[in-house]
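# Structural overview
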Amino acid sequence: RVAKECDATPEAREICVRDFAQRVREIVGLERHAVCPHPATRPELCPECDAWAVSTAATLLDRLPEARTLLEGDIEAALEGDPAANSAAEVVLCYPGFFAIATHRIAHVLYECGARLVPRLMSEQAHARTGIQLHPGAQIGPRFFIDHGTGVVVGETAVIGERVRLYQGVTLGARSLPRSEARRLMGLKRHPTLEDDVIVYANATILGGDTVIGRGAIVGGNCWVTTSVPAAARVSLDVAPRAAEAV
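Residues numbered from 1 in each chain as written. Predicted model: local features only at pLDDT ≥ 70, side-chain atom pairs only at ≥ 80, totals over all residues. Heavy atoms only, no water.

### Thoughts on the sheet that holds strand β12 (residues 218–219)
To keep it simple, the criterion reads: Two strands are said to pair when DSSP picks up at least two bridges between them. Secondary structure elements are taken from DSSP: a helix is a run of H or I of four residues or more, a strand is a run of E of two residues or more, and numbering for both begins at the N terminus.
The 5 strands lie next to each other as β3-β6-β9-β12-β14, forming an open sheet whose pairing is parallel. Two strands lie at the open edges of the sheet, namely β3 (145–147) and β14 (234–235), each paired on one side alone. Inspection of the sheet shows β3 paired to strand β6 (residues 165–167) by 3 bridges, in the parallel sense. If you follow phenylalanine 145 over to β6, its bridge partner there is arginine 165.

Laid out in structure tokens, this is it:
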């Protein structure tokens, strides 16, 4: 109903935009107020919390056209990368990867504004619905495509370039650390970088903040990667020797 009203008249569109901005302001404002130094004495938002919420809502509105452009590129990437995709409508309505990416494009803007809980709730809602976990802090470039998608995990400090394609079960993760070290690494790069035109096939695991998969490289299915891969390289798991040994 709201979408139809927004298409009807400029006045209706303005009302929709104001309503959207107010909802964003209220939600992110409550997050900031929860960690405010004086929430117990002020049930309403303090001026500082409200000003930040207004600024965050305005930033999100300003960047919605950018997000839409990115999502249009993501749709094109799906159509180019999957012969089973018959139309843009099918990608938008049926592809779990696109739903997760669309959620991420908005959540990432809020994350960059300093919100943490709300974008994480958004990403986990998409995770529950699709089986794809994209941390809102991850930097994901244009024309990103996740095929099938179930089990994909992309960590907070991962960096993904343009025209990257991931298949189901791929993990872009951090190396395991002792509990005493975990807090020390907050804010540091812990997850890998995938440069432009990289393809990572099903169930591959790539770990570490200093791990870079070079432009145009292909990582085969079930590979375990903890060191950088040169541009245009092919990484595969050679199971033939092990199979021969087993026989």
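Still to come is the rest of the account.
### Some points on the pattern of salt bridges
Charged atoms that come close allow side chains of opposite charge to pair. Rules: A pair is scored as a salt bridge if a Lys or Arg side-chain nitrogen falls within 4 Å of a carboxyl oxygen belonging to Asp or Glu. In this scheme, a residue with accessible area under 20% of its type's maximum is buried, one over 50% is exposed, and one in between is partly exposed, where area comes from a 1.4 Å probe on protein chains only.
Under the counting rule described, the total for this entry stands at 15 salt bridges. One salt bridge in this structure joins arginine 68 and glutamate 72, with 3.4 Å as the shortest N-O distance. Residue arginine 68 and its partner glutamate 72 are both found in helix α3 (residues 47–81); the two are separated by 4 residues, about one turn of the helix. Residue classification places glutamate 72 among the partly exposed residues on the basis of a relative accessible area of 39%. Arginine 163 is the salt-bridge partner of glutamate 162, the closest N and O atoms lying 2.9 Å from each other. Assessed through its relative accessible area of 35%, glutamate 162 is described here as partly exposed. Salt bridges linked by common partners bring Glu162, Arg163, Asp196, Asp197 and Arg215 together as one network.

### Structural notes on the side chain of histidine 135
Formally: Residues count as neighbours in contact if any of their non-hydrogen atoms are within 4.5 Å of one another.
Along the chain, histidine 135 falls in the loop between β1 (133–134) and β2 (139–140). If near-sequence neighbours (up to four positions away) are discounted, histidine 135 is found in contact with His104, Tyr111, Arg120, Val154, Gly155 and Glu156.

### Things to note about the layout of surface pockets
Going by this rule: Lining residues are defined by having an atom within 4 Å of a point belonging to a cavity or pocket. Those points lie on a 1 Å grid over the protein atoms alone, cavities being sets where a 1.4 Å probe fits but cannot get out and pockets being open sets with protein on both sides within 12 Å along at least five of seven lines. Grid points are joined across faces, edges and corners, and a volume is the space filled by probe spheres set on the points. Only Asp, Glu, Lys and Arg are considered charged, only Ala, Val, Leu, Ile, Met, Phe, Trp, Tyr, Cys and Pro nonpolar, and every remaining residue, Gly among them, polar.
Considered as a void within the structure, the second largest pocket measures approximately 330 Å³ in volume. Along its surface, the second largest pocket is lined by Phe20, Arg23, Val24, Ile27, Val28, Leu60, Leu64, Ile106, Leu110, Val118 and Met122. Taken together, the elements giving at least two residues each to the lining of the second largest pocket come down to α2 (10–34), α3, α5 (96–112) and α6 (117–130). Residue contributions to the lining of the second largest pocket peak at 5 residues, all from α2. Broken down by class, the residue content of the lining of the second largest pocket amounts to 10 nonpolar, no polar and 1 charged.

### Describing the packing of aromatic side chains
Rules: Each Phe, Tyr or Trp ring, with Trp reduced to its six-membered ring, pairs with another whose centre is within 6.5 Å; inter-plane angles below 30 degrees give stacked pairs, above 60 give edge-to-face pairs, and intermediate values give tilted ones. Charge over a ring is defined by NZ of Lys or CZ of Arg lying within 6 Å of the ring centre and within 35 degrees of the ring normal.
Enumeration according to the criterion identifies 1 aromatic pair in this entry. A centroid spacing of 4.9 Å and a plane angle of 15 degrees characterise the contact between tyrosine 167 and tyrosine 201, whose relative ring orientation is stacked. Of this pair, tyrosine 167 sits in strand β6 while tyrosine 201 sits in the loop between β9 (199–200) and β10 (205–207), and the two are 34 residues apart along the sequence. Residue classification places tyrosine 167 among the buried residues on the basis of a relative accessible area of 13%. A cation over a ring is seen here: arginine 32 above tryptophan 52, with NZ or CZ 4.0 Å from the ring centre. Its guanidinium or amino end placed over the ring of tyrosine 111, arginine 116 lies 3.8 Å from that ring's centre, counting from NZ or CZ.

### Digging into the sheet that holds β10
Working definition: the strands of a sheet are paired by backbone hydrogen bonds and lie parallel or antiparallel to each other. Taking strand neighbours across the sheet as the criterion, the 5 strands line up as β1-β4-β7-β10-β13 in an open arrangement whose pairing is parallel. If you trace the sheet from one side to the other, it starts and ends with β1 and β13 (224–225), each paired once. With 3 bridges joining them, strand β7 (residues 171–173) and β10 adopt parallel strand pairing. By the bridge assignment, glycine 173 is partnered in β10 with leucine 207.

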